[in-house]
Amino acid sequence: MAWTYKLRYTKCGKRGCNVCSDGPAHGPYWYGYEHVGGRVRTKYFGKLPPGAEFAKQTSYDERYARWEYHGKMSFPVALRIMGFENMPARSALIKRWRELVSAHHPDIGGDTKVCSAINAAYTFLKQPWG
Ligand SMILES: [Zn+2]
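Described in the following lines is the structure provided in the data block. None of these values were measured; they are calculated from a predicted model.

Reading guide: rules and limits
Residues numbered from 1 in each chain as written. Predicted model: local features only at pLDDT ≥ 70, side-chain atom pairs only at ≥ 80, totals over all residues. Heavy atoms only, no water. Helix = DSSP H or I, 4+ residues; strand = E, 2+ residues; numbered from the N terminus. Buried < 20%, exposed > 50% of the residue type's maximum accessible area, 1.4 Å probe, protein only. Contact = heavy atoms within 4.5 Å. Areas by Shrake-Rupley, 256 points an atom, 1.4 Å probe, with all protein chains shown as cover. Polar contact = N/O pair within 3.5 Å; in protein donor to acceptor, adjacent residues only side chain to side chain. Axes fitted to C-alpha atoms, helices over the stretch in contact; angles between N-to-C directions. Parallel < 35°, antiparallel > 145°, perpendicular 65-115°, else oblique. Left-handed = near helix turned anticlockwise from the far one by under 90°. Phe/Tyr/Trp six-rings, centres within 6.5 Å; stacked < 30°, edge-to-face > 60°. Nonpolar A, V, L, I, M, F, W, Y, C, P; charged D, E, K, R; others polar. Core = buried A, V, L, I, M, F, W, Y, C linked by side-chain atoms within 4.5 Å.

1. Considerations on the overall build of the protein chain
Thinking step 1. Of the regular secondary structure elements, the protein chain holds five helices and three strands.
Thinking step 2. Order of helices (α) and strands (β) in the protein chain, N terminus to C terminus: β-α-β-β-α-α-α-α.
Thinking step 3. Out of the 130 residues in the protein chain, the part that is buried amounts to 35%.
Thinking step 4. The contacts in the protein chain between residues at least 6 apart in sequence include a share of 51% that link residues at least 24 apart.
Thinking step 5. Element-wise, carbon and sulfur atoms account for 53% of the exposed surface of the protein chain, whose accessible area totals about 8900 Å².

2. As for the environment of Q127
Thinking step 1. Counting through the fold element by element, Q127 comes out in the segment after α5 (112–125).
Thinking step 2. Assessed through its relative accessible area of 36%, Q127 is described here as partly exposed.
Thinking step 3. Considered as a pair, Q127 and R90 are 37 residues apart in the sequence and their alpha carbons are 10.0 Å apart.
Thinking step 4. Here F124 takes part through its backbone oxygen, which lies 2.7 Å from a polar atom of the side chain of Q127.

3. What about the packing of helix α3 (residues 75–82) against α5?
Thinking step 1. Orientation of α3 relative to α5, taken along the N-to-C sense of each, is 125°, at an axis distance of 9 Å. When the interaxial angle is binned, α3 and α5 end up oblique. α3 and α5 meet at a crossing whose hand is left-handed. Of α5, the residues touching α3 (which contributes F75, A78, L79, I81 and M82) are A117, I118, A121, Y122, F124 and L125.

4. Side note on the packing of aromatic side chains
Thinking step 1. The tally for this structure, following the rule as stated, stands at two aromatic pairs.
Thinking step 2. Relative to Y44, the ring of Y31 lies with its centre 5.4 Å away and its plane at 70°, an arrangement referred to as edge-to-face. With Y31 in strand β2 (residues 26–36) and Y44 in strand β3 (residues 39–46), this residue pair connects regions lying 13 residues apart in the sequence.
Thinking step 3. Taking relative accessible area as the criterion, Y44 reaches 47% and is therefore assigned partly exposed.

5. Comments concerning the side chain of E34
Thinking step 1. Position of E34 among the secondary structure elements: in strand β2.
Thinking step 2. Assessed through its relative accessible area of 8%, E34 is described here as buried.
Thinking step 3. Side chain to side chain, E34 and R41 meet in a polar contact 2.6 Å long.

6. Brief notes about the packing of helix α4 (residues 90–104) against α5
Thinking step 1. In contact at an axis separation of 10 Å, α4 and α5 are set at 170° when each is read in the N-to-C sense. Viewed along their axes, α4 and α5 adopt a mutual orientation that is roughly antiparallel. Seen from α4, the contacting residues are L93, I94, W97, L100, V101 and H104; seen from α5, they are V114, C115, I118, N119, Y122 and L125.
Thinking step 2. Grouping the constituent residues of the contact of α4 with α5 by class yields 10 nonpolar, two polar and no charged.

7. A few points about the nonpolar core
Thinking step 1. Counting 18 residues, the largest nonpolar core has M73, I81, M82, I118 and L125 as the members making the most contacts within it.
Thinking step 2. Mapped by element, the contributors of at least two residues to this core are α3, α4 and α5.
Thinking step 3. For M73, the residues in contact, after removing those within four places along its chain, are A78, I81, A117, A120, A121 and F124.

As structure tokens, this is what we get:
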């Protein structure tokens, strides 16, 4: 399996670290992600390996997902969380869900709230509509 590369900021965990408290933390550094047996494996690369393909940024509003989703899902909220303006094709929905979950999974330092919002939005949108 090929690695997918993404830029991430990382928190060092040191108390009183100015870089972590004043900004988005250290970095950005390149991390590689790989799906192995249904799990996401992550590896620090630092520099992007030559010739590597990096993941496209998704139009995903993390702040919206985290703060506006309170357990009640609606059509516009679900679309916004998934980064769509209109109802996507089923294949596009599944592809976006995989991208978002692999980018925000708690196993790779993602936010649990964001991940559950993504899953709730996906579950809502994959219902048979019309
Ligand atoms: Zn730090």
